[in-house]
Amino acid sequence: MRIVIFSDTHGNFSAMHKIMKHNGNADLFIFLGDGLTEFRRLRSHYIDSKMVAVKGNCDLDPELPDSNIYKLPDGRKIFYTHGDKWNVRFSIDKLYLKAKEEGCAFLLFGHTHCRYAEKRDNMLILNPGSAGLPRDGKPACYAWIDISYSGDIYNFVDL
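Residues numbered from 1 in each chain as written. Predicted model: local features only at pLDDT ≥ 70, side-chain atom pairs only at ≥ 80, totals over all residues. Heavy atoms only, no water.

Student: How would you summarise the overall build of the protein if you had to cite specific residues and measurements?
Tutor: A count of helical and extended segments in the protein gives three helices and ten strands. For the protein, the C-alpha radius of gyration of 14 Å lies close to 15 Å, the compact-globule estimate for 159 residues. Taking the principal axes of the C-alpha coordinates as reference, the protein spans close to 35 × 35 × 35 Å. Residues counted as buried form 50% of the 159 residues belonging to the protein. A separation threshold of at least 6 residues defines the contact pool for the protein, and within that pool the share at least 24 residues apart is 52%. Approximately 7800 Å² of the protein is accessible, and the part contributed by carbon and sulfur atoms is 49%. For the protein, the distance from the average site of its 21 positive side-chain charges to the average site of its 20 negative ones is 1 Å. (Helix = DSSP H or I, 4+ residues; strand = E, 2+ residues; numbered from the N terminus. Rg over C-alpha atoms; globule rule 2.2 N^0.38 Å. Buried < 20%, exposed > 50% of the residue type's maximum accessible area, 1.4 Å probe, protein only. Contact = heavy atoms within 4.5 Å. Areas by Shrake-Rupley, 256 points an atom, 1.4 Å probe, with all protein chains shown as cover. Lys, Arg positive; Asp, Glu negative; His and termini not counted. Charge placed at Lys NZ, Arg CZ, Asp CG, Glu CD.)

Below, the structure is given as structure tokens:
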């Protein structure tokens, strides 16, 4: 199972479209906020793709949650959030403890516009960076996770 994760596009629809074109066969797309206007537009073009999203601090949507949990077919759970409500610019510890409390195997967050990956106590913690406005001196990017019985792998992909 391939999961594509992207975040912080901030109006860059072409970046989202490029991600979809390169990953059309992915099983799940997770958008971590700050670009819901273009995400909704993207979803209308790719109606057959499974897509979920949370709102970011720049998104005005009273109905979309700040964070959510997605249950995978194998029973494992993904906690995903934009991250601003969890002060991820300073520490991910509070967010990690919440995901652990929820029994999640994966923790995904955005907001910092910087790529990040860590394995902590068998939990993969990942920030895909920004597909629109990176702040880590690297190109705009997204990430993917391949879920398999032999082990999970991930990668960052420059746009």
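Student: Requested: an account of the pattern of salt bridges, with residues and values cited.
Tutor: Inspection of every chain in the model, using the stated rule, returns eleven salt bridges. The salt bridge partner of Arg40 is Asp61, with a shortest N-O separation of 1.9 Å. Remark: Asp61 occurs in the loop between strand E3 (51-53) and strand E4 (67-71) and Arg40 occurs in helix H2 (residues 36-45); sequence separation between them is 21 residues. Of the charged contacts in the structure, one is a salt bridge between Arg76 and Asp74, with a shortest N-O distance of 2.9 Å. Bridged by salt links that share partners, the residues Asp74, Arg76 and Asp152 form one connected network. (Salt bridge = Lys/Arg side-chain N within 4 Å of Asp/Glu carboxyl O.)

Student: Requested: an account of H2, with residues and values cited.
Tutor: When H2 is considered as a whole, its buried residues turn out to be Leu36, Glu38, Phe39 and Leu42. Projected onto a plane normal to the axis of H2, the buried residues spread over an arc of 155° and lie on a single side. In H2, those exposed residues whose orientation departs by more than 90 degrees from the buried face are Thr37 and Ser44. Its buried side turned inward, H2 meets strand E1 (2-6), helix H1 (13-22), strand E2 (28-31) and E3. (Arc of directions from axis to C-beta.)

Student: Explain the state of the cysteines to me, and be specific about the residues and the numbers.
Tutor: This structure, assessed with the given rule, holds zero disulfides. Cys114 carries a free sulfur, and the closest cysteine sulfur to it, the one in Cys141, is 9.6 Å from it. (Disulfide = S-S within 2.5 Å.)

Student: Go over the packing of aromatic side chains with me, naming the residues and quoting the values.
Tutor: All told, the structure shown has five aromatic pairs when counted by the stated rule. Residues Phe79 and Trp86 carry aromatic rings whose centres are separated by 6.2 Å and whose planes lie at 85° to one another, so their mutual orientation is edge-to-face. On the basis of relative accessibility, which here comes to 3%, the residue Phe79 falls in the buried class. Taking the centre distance of 6.1 Å and the plane angle of 80° together, the rings of Tyr154 and Phe156 count as edge-to-face. A residue is classified by how much of its surface remains accessible, and Phe156, at 21% relative accessible area, is partly exposed. Site record: aromatic cluster; members linked through ring pairs are Phe6, Phe31 and Phe39. Of note, Arg41 hangs over the ring of Phe13, and the distance from its end group to the ring centre comes to 3.7 Å. (Phe/Tyr/Trp six-rings, centres within 6.5 Å; stacked < 30°, edge-to-face > 60°. Lys NZ or Arg CZ within 6 Å of the ring centre and 35° of its normal.)

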